Amino acid sequence: MSKILLKSVLLNDSRTDVLIDGNRFSKIAVDIPQELCEGAEVVDCRNFAILPPFYNAHCHAAMTLLRGYADDLPLQPWLEKHIWPFEAVMDADAVEIGSRLAALEMIKSGTVFFADMYWNRERTIKVVDEMGLRAAIGTTMAENLVTPEKLEANFKFIHDRYGVNDRIQLVMMPHSIYLAGETLLKRCAQFVKDEGVFLHTHLAETKFEVDNCLREHKCTPVEWIDKCGMLNESLSAAHCVHLSESDMKLMADAKATAVLNPCSNLKLNSGIPNIPAMLESGMRIALGTDGASSNNNLDMCEEMKVASLLAKVVGKAETLPAADVLQLATRNGALAFGIDAGVIQEGTLADALLVRLDEPCMSPLFNLISNWVYAANSSIIDSVICNGRFLMRNRHVDGEKEIIADAEKCAKKLAQKVAG
């Protein structure tokens, strides 16, 4: 197994050496004994700090092809009049091209894992495997959009563990309470329990969704999925913008994870989650970007800063400080999908960022984490390590020019098809 020795890197507030052996952090110390480092590639890190990378706990990767296609609209007309017609002409090749562009963008902005809810999951799995990332690939359950035969194929796909390896897992993903009925939601919940996989869905994204649920089921969306057996430790729920105090308590008691997507929710005018109340309730919180059609990027660095600022607007200046919001964007996202990563410490999976310290936004260096959260942006990331392997070095990712050119060409063809 390969070894990497990161020499004299800034970790928190002090310089140290970091030894990666295989896919884990083996030793973190000043002057690691030579016998442990035998055969290691030595990297001079005097100009770098090491930080945990990002874990994007909710996105739709292939939607990079829709970036900027339909902006400045509320959620329902945005979906029904623009997004769904575009997606209707996207074939498996387009999903692969869009997912590859997303993977490139995430690597360049410091993300090593994403939870993806989309179609043609075989192609997304192929992209993730080839580009060295981690991912939780969803089988999207939306009975209003697919045939019963395809729903059955989705269950079989997870049962057979297609494409699973040490970086890729399959996740049961009923789209939402408005695209999956009671019978399907209950079946998904039981399947997750039987198969031992994770569960992911959209939840309480808009007031419209909450009002509809109250009218149809006489309860909130959180209460409804609880009645359907979905609310437990295996669940991560995207958005969670409109939660009552009792909803928060239910999620906290169940140890479910709320995946906040503040940039997307702001842009679509879906609302601002009550992050201070969530934290007070003890809820587990992670962050995600949502799709590039509504964000419009996959940059978790932005998501992290916006989440902290929104928490302060709703709460107090001291709410969700830099170190805490960094954990939401890193460790919490990893743990939501059972990944022992997102922190730089001995024994954990070797995922990391090397960020440049000679950038103006990193000076003066009173507090590394504060600068990273509030002052910096993803352009100062020099290198990205995932599972003990460099995915980017010196800001370079193999094949990036070709990936961008292919995506540009594909997106234009799809737009022409939609236009007729």
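Here the structure is a predicted model, which is why all the values come from computation and not from measurement.

Attention now goes to the state of the cysteines. Inspection of every chain in the model, using the stated rule, returns zero disulfides. Cysteine Cys-361 shares no disulfide, and the gap to the nearest cysteine sulfur, in Cys-301, comes to 8.9 Å.

Time to look at the layout of surface pockets. Of the voids in this model, the largest pocket is the one considered here, and its volume is about 780 Å³. What lines the largest pocket is a set of 34 residues, among which Glu-87, Tyr-118, Trp-119, Thr-140 and Leu-145 lie closest to the centre. Those elements giving two or more residues to the lining of the largest pocket turn out to be helix H1 (75-87), helix H3 (121-131), strand E8 (134-141) and helix H4 (148-159). Broken down by element, the residue count for the lining of the largest pocket peaks at six residues, all from H1.

It is worth spelling out the nonpolar core at this point. With 132 residues, the main nonpolar core has Met-90, Met-251, Met-304 and Trp-372 as its most contacted residues. Take this core: its biggest share by element is eight residues, from helix H2 (residues 92-108). Other than its neighbours up to four places away in sequence, Met-90 contacts Ala-62, Leu-65, Leu-66, Val-95, Tyr-118 and Leu-414. One finds Phe-25, Cys-45, Phe-48 and Phe-390 within the second-largest nonpolar core, a separate group that totals 18 residues.

We now examine the pairing of strand E6 (residues 54-59). The buried fraction of E6 amounts to six of the six residues, a majority that puts the element mostly inside the structure. Examined bridge by bridge, E6 and strand E7 (residues 111-116) share four bridges and lie parallel to one another. Along E7, the bridge assignment pairs Cys-59 with Asp-116.

Conventions used here
- Residues numbered from 1 in each chain as written.
- Predicted model: local features only at pLDDT ≥ 70, side-chain atom pairs only at ≥ 80, totals over all residues.
- Heavy atoms only, no water.
- Disulfide = S-S within 2.5 Å.
- 1 Å grid on protein atoms, 1.4 Å probe; cavity = no way out; pocket = protein on both sides within 12 Å on 5 of 7 lines; lining within 4 Å.
- Points joined across faces, edges and corners; volume = space filled by probe spheres on them.
- Helix = DSSP H or I, 4+ residues; strand = E, 2+ residues; numbered from the N terminus.
- Core = buried A, V, L, I, M, F, W, Y, C linked by side-chain atoms within 4.5 Å.
- Buried < 20%, exposed > 50% of the residue type's maximum accessible area, 1.4 Å probe, protein only.
- Contact = heavy atoms within 4.5 Å.
- Pairing = 2+ DSSP bridges.

Structural measurements only, silent on function.
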